[in-house]
Structures are given as C-alpha cells and as structure tokens.
Amino acid sequence: MQGAVLFGVGVFQAILLLLAAPLYSGISRVIRAKFHSRRGPGIWQDYRDLLKLLNRREVIPAAAGLAFRATPYVVVVAMLVVAMAIPAVMVRSPVAPMGDLITVIFMFAMARFFTALASIDCGSMFAGVAASRETTMGVLNEPIMILALFTVALMSGSTSLGNIAAAIHAGRMPAYAATLMAMLAFGFAVFVEMGKLPFDLVEAEQELQEGPLTEYSGRSLALMKWGVALKQLVALTLFIGVFIPFGAAVALSPVALGLGVLILLIKLLFAFIAIAFVENTMARNQFLDVSRITFMGAGAALLAFALSLARV
C-alpha cells in the first residue's frame, strides 16, 4: 500500500513539473525583462506558444530518420522519469529504484545524446554544428554534476538521492565544508545545464541550446521546447531537493505533502528570481571561453571531494 502511495507521489511530481515548466520559463523571461526595463512577454506566453505549435502541421526534412522523429518524445519521457524519482515534494525519493544518482545522470545524458543525434540526423549543417556544441557542453558539465553528487553520496553512504537528501535534512553529513562545496559545484553545473547567461540565452533561436531545434516544426517543436523547459525545471528541482530539502514532506499525510508542494513551488520561484538576477549581471561569452569557466566548477567539485576524504 505504501509503495503505491509513493508511486502516486512520483507521478504527481512528474505531472506537476511538466505543467509548471512553461510557467516558470515565462516567469524567468518576465523577470529578465523587468531587469532590462522593458515590458517583455507575459508569464503565460509559453503556454500560448506551445498551444499554437501543437496545432500546426509538421514539416519533416527529407533526410531525417528515426532519431529525428523519436527525440522529442525521448527528451520529454527522460525528464519525466527523473521528475518521478528525485526527492522534491518529499525528503525521500518517491520511486526509489529510479532515484539513484547514476540513473538520474544517465537520463540527463541520454536526453542530451538524443538531442545531438537528432541534429545530425536531420541533415542540416547548422544543426550539426549545434550538435557538436551540445555534446561539448555535456562533456564539460556532466563530470561536475557526477563528482558533486558522488561526493555527498560517499559521505551519506548511499547513491540514492533520497538517502542523500535525508542525511542533509537530518544534519548527518560528516563533513559540512565538503557538503557546502559540493552544493556550490552542483549549483554551478545546474546553472550551466539550464542554458543561462553567460553560457547561453534560451530565447535565442539559433544558439547553443536552441540550435538543435532548427529543423523541428509543429508538434515536434512544441515537444522539444517543452522538453527544454522541463529539463531546466527538473535540474533546478534536483538541486533544491538534494541540497536544500528543508520544508519537504517527511510523512505521507495529505497535509505534509500539500505543504511540501507549496514550499517546493516557493523555493523554485525564489531560485528563478536569483538566477535571473545573476544572469542580468553577465554578458554572453564566446563558446571558446566556456571551457575555461567550467574549470572553476570542476575545481570546486574536486575540492569538495578532497574535503570529504579529509572529513572537513
């Protein structure tokens, strides 16, 4: 019975993040516009865009194969699986078998791999360049995510994200400096994963993150855009759920779960406001500069690992 309830909580988490992804994307755009002293689009604009695209006819390139057609569904499903597994509404992982850090990182990598593969599969030269950039970003950023999570997993004695979040929530981490440094490194990696300045500008249609979407149209483009927004929200929820689990539900009571949902949405709102503030203070860098910046995140992750071995 408890397993069925937990699975239901996981499904609820996935649906909640899926429906909220366009809203938080719209909020991020509104906040950025306010920082720039311009009106900008409304917070519901992403919903209107998705609805229009879902009702439009698809135009598929002649050279496109199965990978191009399947990628929108793979990206969305992979992010929904992660959304079900991560500790977000609850301190523990609702679907424990999928809530392992290796599985979660694999899902992020699979979404990136299929996005790059679809860019090559469509036969567009520009999308191919975007695919190489997308792959490079993965090579630079995913090791930071893995090492940061592995550090806290080593200290908690488990690779389960729920167990890691529970250990941080209960204050049972043996090395507080290492935990803090791992949190900073993982937060840096999530910032890069979300495609924010100075690494990318999500609204720019022909850039690092949107370049692979060049040849998509209609329903497929709607799913890809929805998948990108969902990926950003899931990545940020993963950071909050693991490293800032305070306020999440400990029990399975309706009151605790409802309060956990409310606190999660509030934490996400404040996180998007903070990200918009940081993003507004930066200009976009050239792609060649990205590797030098990501070395700082890698250094923080390595320092966290060293501090964990020293139990500092």
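Thresholds, definitions, all that
- Residues numbered from 1 in each chain as written.
- Predicted model: local features only at pLDDT ≥ 70, side-chain atom pairs only at ≥ 80, totals over all residues.
- Heavy atoms only, no water.
- Helix = DSSP H or I, 4+ residues; strand = E, 2+ residues; numbered from the N terminus.
- Buried < 20%, exposed > 50% of the residue type's maximum accessible area, 1.4 Å probe, protein only.
- Contact = heavy atoms within 4.5 Å.
- Areas by Shrake-Rupley, 256 points an atom, 1.4 Å probe, with all protein chains shown as cover.
- Core = buried A, V, L, I, M, F, W, Y, C linked by side-chain atoms within 4.5 Å.
- Phe/Tyr/Trp six-rings, centres within 6.5 Å; stacked < 30°, edge-to-face > 60°.
- Axes fitted to C-alpha atoms, helices over the stretch in contact; angles between N-to-C directions.
- Parallel < 35°, antiparallel > 145°, perpendicular 65-115°, else oblique.
- Left-handed = near helix turned anticlockwise from the far one by under 90°.
- Nonpolar A, V, L, I, M, F, W, Y, C, P; charged D, E, K, R; others polar.
- Salt bridge = Lys/Arg side-chain N within 4 Å of Asp/Glu carboxyl O.
- 1 Å grid on protein atoms, 1.4 Å probe; cavity = no way out; pocket = protein on both sides within 12 Å on 5 of 7 lines; lining within 4 Å.
- Points joined across faces, edges and corners; volume = space filled by probe spheres on them.
- Expected span 1.5 Å × (residues − 1).
- Bend = angle between axes of the 7 residues up to and from the residue.
- pLDDT = per-residue confidence, 0-100.
- Polar contact = N/O pair within 3.5 Å; in protein donor to acceptor, adjacent residues only side chain to side chain.
- Patch = residues over 30% accessible without salt bridge, like charges linked within 9 Å, V, L, I, M, F, W, Y side chains within 5 Å.

**Student:** How do you make sense of the overall build of the protein when you look at a structure like this?
**Tutor:** Counting secondary structure elements, the protein contains 10 helices and zero strands. Helices and strands appear in the protein in the N-to-C order α-α-α-α-α-α-α-α-α-α. Taking all 312 residues of the protein together, the buried fraction comes to 53%. Contacts spanning at least 24 positions in sequence make up 78% of the contacts within the protein whose residues lie at least 6 apart. Roughly 13600 Å² of accessible area belongs to the protein as shown, and the carbon and sulfur atoms make up 71% of that amount.

**Student:** Even after reading the chapter, I still don't get the nonpolar core, so can you show me in this structure?
**Tutor:** If you look at soluble globular proteins, the nonpolar side chains tend to sit buried side by side. Leu161, Phe186, Leu236 and Phe243 are the most contacted members of the largest nonpolar core, which has 91 residues in total. Element by element, the count of residues in this core is highest for helix α8 (residues 218-243), at 14 residues. If we ignore the near neighbours within four places in the chain, the residues touching Phe186 are Met145, Ala148, Leu149, Leu238, Phe239 and Phe243.

**Student:** Help me out: how do you make sense of the packing of aromatic side chains in this one?
**Tutor:** The way to describe two aromatic rings as a pair is by their centre distance and the angle between their planes. The tally for this structure, following the rule as stated, stands at seven aromatic pairs. On the basis of an interplanar angle of 90 degrees and a centroid distance of 5.7 Å, the ring pair of Phe113 and Phe114 is categorised as edge-to-face. Exposure remark for Phe113: the relative accessible area of 49% places this residue in the partly exposed category. On the accessibility criterion, Phe114 (21% relative accessible area) is partly exposed. Between Phe239 and Phe243, the aromatic rings sit 5.9 Å apart at their centres with planes inclined by 35 degrees, giving tilted as the arrangement. Here Phe239 pairs with Phe243, and both are found in helix α8, just four residues apart, close to one helical turn. There is no split in this pair, since Phe239 and Phe243 are both buried. Within the aromatic cluster, the residues linked to one another by ring pairs are Phe186, Phe239 and Phe243.

**Student:** Would you mind going over the packing of helix α3 (residues 66-85) against α8 with me for this structure?
**Tutor:** Think of two packed helices as two axes; the pair is described by the angle between the axes and how far apart they sit. Between α3 and α8, whose axes approach to 8 Å, the crossing angle comes to 25 degrees. When the axis of α3 is compared with that of α8, the two are roughly parallel. Note on packing geometry: the crossing formed by α3 with α8 is left-handed. Together, Thr71, Pro72, Tyr73, Val75, Val76, Met79, Leu80, Val82 and Ala83 of α3 and Arg219, Ser220, Leu223, Met224, Gly227, Leu230, Lys231 and Val234 of α8 make up the contact between the two elements. Each residue belonging to the contact of α3 with α8 can be placed in one class, and the counts come to 12 nonpolar, three polar and two charged.

**Student:** Would you mind going over the pattern of salt bridges with me for this structure?
**Tutor:** Pairs can form between side chains of opposite charge once their charged atoms are near each other. Here the structure, examined in full by the defined rule, presents five salt bridges. Among the ionic pairs, Glu193 bridges to Lys231, the shortest N-O distance being 3.0 Å. Linking Glu193 in helix α7 (residues 176-193) with Lys231 in helix α8, this pair joins segments that are 38 residues apart in sequence.

**Student:** It is not clear to me how empty space enclosed by the protein should be interpreted in this structure. Could you clarify?
**Tutor:** A water-sized probe, rolled over the atoms, reveals where empty space remains. Applying the stated rule across the entire model yields two cavities of 30 Å³ or more. Looking at the second largest cavity, its volume works out to about 110 Å³. Looking at the lining of the second largest cavity, the elements that each hand over two or more residues are α4 (101-121) and α8. For the lining of the second largest cavity, the leading source of residues is α8, giving four residues. In terms of residue class, the lining of the second largest cavity is built from five nonpolar, three polar and two charged.

**Student:** Looking at this structure, I do not really get α3. What am I missing?
**Tutor:** Since the α-helix packs 3.6 residues into each turn, any two residues three or four apart lie on the same face. Its 20 residues place the ends of α3 28 Å apart at the C-alpha level, agreeing with the 28 Å of an ideal helix rising 1.5 Å per residue. Along α3, the largest kink reaches about 35 degrees and is centred on Pro72.

**Student:** Would you explain the confidence of the model for the protein in this entry?
**Tutor:** Regions with low pLDDT carry predicted coordinates that are not meant to be interpreted in detail. For the protein, the mean per-residue pLDDT works out to 83, and 89% of the residues sit at or above 70. Here helix α10 (residues 287-309) is the element of the protein with the lowest mean pLDDT, 79, and α8 is the one with the highest, 90.

**Student:** What should I look at first to understand the side chain of Glu193 in this one?
**Tutor:** A relative accessible area of 5% means that Glu193 is categorised as buried. Within the structure, Glu193 has its side chain in polar contact with the side chain of Arg112 (distance 2.7 Å). A polar contact of 3.0 Å, which involves the side chain of Glu193, links it to the side chain of Lys231.

**Student:** So what exactly am I meant to see when it comes to the environment of Ala251 here?
**Tutor:** One can find Ala251 in the loop between α8 and α9 (254-280). Sequence-wise, Ala251 and Met90 are 161 residues apart; in three dimensions their C-alpha atoms are separated by 8.0 Å.

**Student:** Which parts of the structure should I look at to understand a nonpolar patch on the surface?
**Tutor:** Where nonpolar side chains cluster on the molecular surface, the patch consists of Leu259, Leu262, Ile266, Leu269, Phe270 and Ile273 and spans about 540 Å² of accessible area. Inspection of the secondary structure assignment puts Leu262 in helix α9. Residue Leu262 is classed as partly exposed on the basis of its relative accessible area, which comes to 47%.

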